[in-house]
Amino acid sequence: MEQRILQIVLDTPLDRTFDYRWRRQGDEALPQIGQLAIVPFGRREVAGLIIGLAEQTEVPDGKLKDVLAVRSQLAPLPPQWLALCGFAADYYQRPLGEVALPGLPKNLRTLTTTALDRALKKLAKLDAGHDGNPVNTPQLKPEQQEAVDAIADARGFAPLLLYGVTGSGKTEVYLQAAARILAQHEAAGEVAQVLVLVPEINLTPQLESNIRARFPGVHVVSLHSGLAEGERTLSWLAAHQGQARIVLGTRLAILSSLPHLKLIVIDEEHDPSYKQQEGLRYSARDLAVWRAHQLAIPVVLGSATPSLETWQHAQAGRYRKLQLRERAVRDAVLPKVKMIDMERDRPNDGLTSTLVAALKLRLERGEQSLLFLNRRGYAPVLNCDACGWISNCMRCTSFMVLHKPERRLRCHHCSLELYIPKACPTCGNVDLQPLGRGTQRVEEGLQAMFPEARILRIDADSTRLKGSAQNAFDSVHRGEVDILIGTQMVAKGHDFKRLTLVGVMNPDTALFSHDYRASERLFAQLMQVAGRAGRAGQKEGGSPSEVLIQSRYPHHPLYGAVAAHDYDGFATQLLEERQQAALPPFLYQALLRAEAAELDVALAFLQDAATCLEHPGITINDPIPMTMTRVANVERAQLLIECPSRPALQAFLRDWMEVLRQTKTRAKWSLEVDPVDI
DNA sequence: AGCACGCCGACT
DNA sequence: GTCGGCGTGCTC
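All values derive from a computational prediction rather than experimental measurement.

### Looking at the protein's contact with DNA strand C
Around DNA strand C, the structure places L14, R16, F18, D19, Y20, P40, F41, G42, V59, K63, L64 and K65. Sugar plus phosphate, as a fraction of atoms of DNA strand C within 4 Å of the protein: 50%. Measuring from a base nitrogen of DNA strand C, one finds a side-chain N or O atom of R16 at 3.2 Å. At 3.1 Å, a side-chain N or O of K63 approaches a phosphate oxygen of DNA strand C. Among the elements of the structure, β2 (18–23) and β3 (36–41) are those that each provide at least two residues to the surface near DNA strand C. The element best represented in the surface near DNA strand C is β2, accounting for three residues. Partitioning the surface near DNA strand C into residue classes produces seven nonpolar, one polar and four charged.

What follows is the structure, encoded as structure tokens:
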């Protein structure tokens, strides 16, 4: 009987292949590299990826097991996809199996194939409905046309920064460039696929319906973590089989199989949610650029406030910069940004008289206002004046946040919840005071101030239930809300037509953060939230929309740049500072984290790690406890590694990981390459 | 990472 | 007498 040895990688931290025996059953075809197999592993049955075939193995006969099934009904994952996973595995120092397998739909990874077969059958019926002619194509402004031409006429690898403020028509550029590329390939009798990455699921329904309306008859699918398993299987398979011509997805979509990929678009490329923050900590943006390079295709990075990494590439000429200076929406003008000096105009309930007057004016005119405060809950701390007790979390190095409607103290880090104490736990004082303010407290203050106004709060707490975020946004769009108060959830994507005032309540904390990236993020966030107003331009009455920023430091240069809508100046300045301080993007970093029940265990591991290997050219800093040392009763510490050369850092990390994997420690540890929160 | 085996404390 | 705590060892 014919047999082969299959070399298979599995989703396990063991960084090697496992050999299995395959024996031909009936007229079964020979397994191929890139196919999935279900195998017995220990006492479990798991899915594996076939990465090699051999006649023989070193594994002794007693250990060698038979493959349970090969997923031969599925086309093998293409070599370009295997190469992508291989690159990510090397770059982020993870076993290939941990990169390649977890992203595959669960229905492909089980022994039973009923769900998979059903999905395949459904897709087989759908076969090729596409006349790719887009409809309702708006006339482009000259700059937009130039950008579309640059993307669609690009040959080979072409990274392009599409730089333009909210309302400058970036989405239209993506759509028309995608249409051109699909049409070019169709004319040549080839299949083409376009991948559009967006930061969050929240934004996807709106853009998705726009794309579907624009491309009737073209198979469009979306891929994000909110999909049910069945849907995810269908979307993933449609992409893998080349049926889906446009794939719209969040960061996880970058690891999907797209055999005919011809264009990648990354919308809001600066957005932090492109960085996966657990497990394989990859940057979807960086992988997208790598993938475009590998496939020799264009990749469009769109933003009003590009990441400094991207900005530097553009300044150095490595990325082509396509700028949209005009706002494309008719009559649109940029909102007026004004600073309110909180030292002169002292806030009441968090609101200065200037901001209150502006809100009042909008209420009188029947226009909408948005208050932006990036802090949920009622108050960040509960405090006893009498003895100084504060609401520390007993499991974390943090405060428990007061949530008034829920009548709880809640830790935002470990989710511990307690009833709000009636009296101080240490001295019995019944007069406990909330310190500071979150969205709930602002909502309460507004209700007292404007009893007739329709006020809606949108944050992670008010939108816990599935669909409630959509409902909330819909009711704002229908004009059922006068004042909207929200966290960063409201800053993205949604274009509120009746909104003429944006108030920013207290952005100052980010100005003096120890995280050097805080100001970059603040600028982007302010520009983004400012973009919620004035998008439809001159509203009735003729005055443009207004953005009011309350601050104790109204003359800080960052605010000056925001008010002038001057990202160029801000970014140039920031890049200069980064270069002088030898910080990214002029330096590459990796972070070794360790956690244990006792801090000393974590620190000792890091100390050993710091000295266990020669490291010429690599800077290894001292191990330090993390800012938030304890989370859920686990103590955490970290070690920062720096190097001006990326290849040198990569080479060191490879050797280092090999040594570390053999060290015995009670600490749990992990490595992050290109960390963003340090 | 799972998952089992294995050897010592408080409980239906 | 058992249920169950987490140390350590293995996974083709």
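### Considering the protein's contact with DNA strand B
In the vicinity of DNA strand B, the residues found are P13, R43 and R44. Considering DNA strand B, the proportion of its atoms within 4 Å of the protein that are sugar or phosphate atoms stands at 58%.

### Some thoughts on the packing of helix α3 (residues 114–125) against helix α7 (residues 229–240)
Interhelical geometry of α3 versus α7 gives an angle of 55° and a closest axis separation of 10 Å. Put simply, α3 runs oblique to α7. Crossing of α3 over α7 shows right-handed handedness. Along its contact with α3, which presents L116, A119, L120, K122 and L123, the element α7 presents T233, L234, L237 and A238.

### Concerning the sheet that holds strand β15 (residues 368–372)
Overall, parallel pairing links the six strands, which are arranged β14-β24-β23-β15-β22-β21 in an open sheet. Of all strands in the sheet, those with a lone pairing partner are β14 (336–341) and β21 (455–458), marking the two edges. Neighbour to neighbour, the strand axes of the sheet diverge by 20° on average, direction disregarded. Pairing of β15 with strand β23 (residues 499–504), which is carried by five bridges, proceeds in the parallel orientation. Bridging from a neighbouring strand, Q368 pairs with L499 of β23.

### Some words on the state of the cysteines
Taken as a whole, this structure holds zero disulfides when the rule is applied. No disulfide involves C384; its nearest neighbouring cysteine sulfur is the one of C427, lying 3.7 Å away. The cysteine C424 is free of any disulfide, with C387 supplying the nearest cysteine sulfur at 3.6 Å.

### A short note on the UniProt feature "binding site: Zn(2+) 2" (unreviewed entry) in chain A
In the numbering used here, UniProt assigns the "binding site: Zn(2+) 2" (unreviewed entry) feature to C393, C396, C411 and C414. Look at the named residues: they lie 22 residues apart in sequence, but the longest C-alpha span between them is just 8.8 Å, so in the fold they bunch up. You can see C396 is positioned in the loop between β16 (381–384) and β17 (401–403). For C396, a relative accessible area of 3% corresponds to the buried category. Not counting residues within four places of it along the chain, the set of residues in contact with C396 comprises C411, H413, C414, R630, V631 and A632.

### A closer look at the environment of V135
Turning to its location among the elements, V135 is positioned in the loop between α3 and α4 (142–152). Judged by its relative accessible area of 32%, V135 is partly exposed. Those residues in contact with V135 that sit more than four places away from it in its chain are A213, R214 and P216.

### Some remarks on unusual backbone geometry
The omega torsion of the bond from P584 to P585 falls at 5°, within 30 degrees of zero and hence cis. Of note, P585 is situated in the loop between α15 (567–580) and β25 (588–596). Despite not being glycine, A296 has its phi angle at roughly 55°, a positive value. Within the secondary structure, A296 sits in the loop between α8 (284–295) and β12 (298–303). Residue classification places A296 among the partly exposed positions, given a relative accessible area of 40%.

### Observations concerning the UniProt feature "binding site: Zn(2+) 1" (unreviewed entry) in chain A
In the numbering adopted here, UniProt assigns the feature "binding site: Zn(2+) 1" (unreviewed entry) to C384, C387, C424 and C427. Across 44 residues of sequence, these annotated residues stay compact in space, with a maximum C-alpha separation of 8.7 Å. In this structure, C384 sits in strand β16. Ignoring sequence-local partners within four residues, the contact set of C384 consists of W389, C424, C427, N429 and L432. Note on placement: C424 falls in the loop between β19 (417–419) and β20 (432–435). Owing to a relative accessible area of 4%, C424 belongs among the buried residues under this scheme. Residues in contact with C424, not counting those within four places in the same chain, are C384, C387, W389, N429 and L432.

### A closer look at the domain arrangement of chain A
Partitioning chain A into structural domains gives domain 1 (3–102), domain 2 (142–324), domain 3 (336–376 + 438–576) and domain 4 (588–673). For domain 1 versus domain 2, the distance between C-alpha centres works out to 30 Å. When domain 1 packs against domain 2, the two sides together hide about 1,500 Å² of surface, and 69% of this comes from carbon and sulfur. When the buried area of domain 1 at its contact with domain 2 is split by residue, Q80, L84 and Y92 rank highest and sum to 42% of it. Connecting domain 1 to domain 2 are zero salt bridges.

### Focus on the packing of aromatic side chains
In this structure the tally under the stated criterion is 14 aromatic pairs. Their ring planes at 10° and their centres at 4.2 Å tell us that F523 and F570 sit as a pair that is stacked. Here F523, found in helix α13 (residues 518–530), pairs with F570, found in helix α15; they are 47 residues apart in sequence, far enough to count as distant. The exposure classification of F523 matches that of F570, with both residues buried.

### What about α7?
Relative to the 16 Å expected for twelve residues at 1.5 Å per residue, α7 spans 16 Å between its end C-alpha atoms, a close match to the ideal helical length. Where the residues of α7 are buried, they touch α3, β8 (193–197), β9 (220–223) and β10 (246–249). Where α7 ends, the next residue or the one after it, G242, has phi of about 80°, a positive value.

### Side note on the pairing of β10
Consecutive side chains along a regular strand alternate between the two faces of the sheet. Alternating positions in β10 separate into two faces, I246 and L248 on one and V247 and G249 on the other, with burial throughout. Across four bridges, β8 lies against β10 in parallel orientation. Paired with V196 across the two strands is L248, which belongs to β10. Pairing between β9 and β10: four bridges, direction parallel. Bridged to V221 within β10 is V247. With α7 bridging β9 and its parallel neighbour β10, the resulting β-α-β unit is right-handed.

About the criteria used
Residues numbered from 1 in each chain as written. Chains lettered and ligands numbered in written order. Predicted model: local features only at pLDDT ≥ 70, side-chain atom pairs only at ≥ 80, totals over all residues. Heavy atoms only, no water. Near = heavy atom within 4 Å. Polar contact = N/O pair within 3.5 Å; in protein donor to acceptor, adjacent residues only side chain to side chain. Helix = DSSP H or I, 4+ residues; strand = E, 2+ residues; numbered from the N terminus. Nonpolar A, V, L, I, M, F, W, Y, C, P; charged D, E, K, R; others polar. Axes fitted to C-alpha atoms, helices over the stretch in contact; angles between N-to-C directions. Parallel < 35°, antiparallel > 145°, perpendicular 65-115°, else oblique. Left-handed = near helix turned anticlockwise from the far one by under 90°. Contact = heavy atoms within 4.5 Å. Pairing = 2+ DSSP bridges. Disulfide = S-S within 2.5 Å. UniProt positions renumbered as here; feature names shortened; annotations may be inferred. Buried < 20%, exposed > 50% of the residue type's maximum accessible area, 1.4 Å probe, protein only. Domains from an automatic or database assignment. Buried area = accessible area lost by both parts, 1.4 Å probe. Salt bridge = Lys/Arg side-chain N within 4 Å of Asp/Glu carboxyl O. Phe/Tyr/Trp six-rings, centres within 6.5 Å; stacked < 30°, edge-to-face > 60°. Expected span 1.5 Å × (residues − 1). Right-handed = clockwise from strand over helix to strand, strands pointing away.

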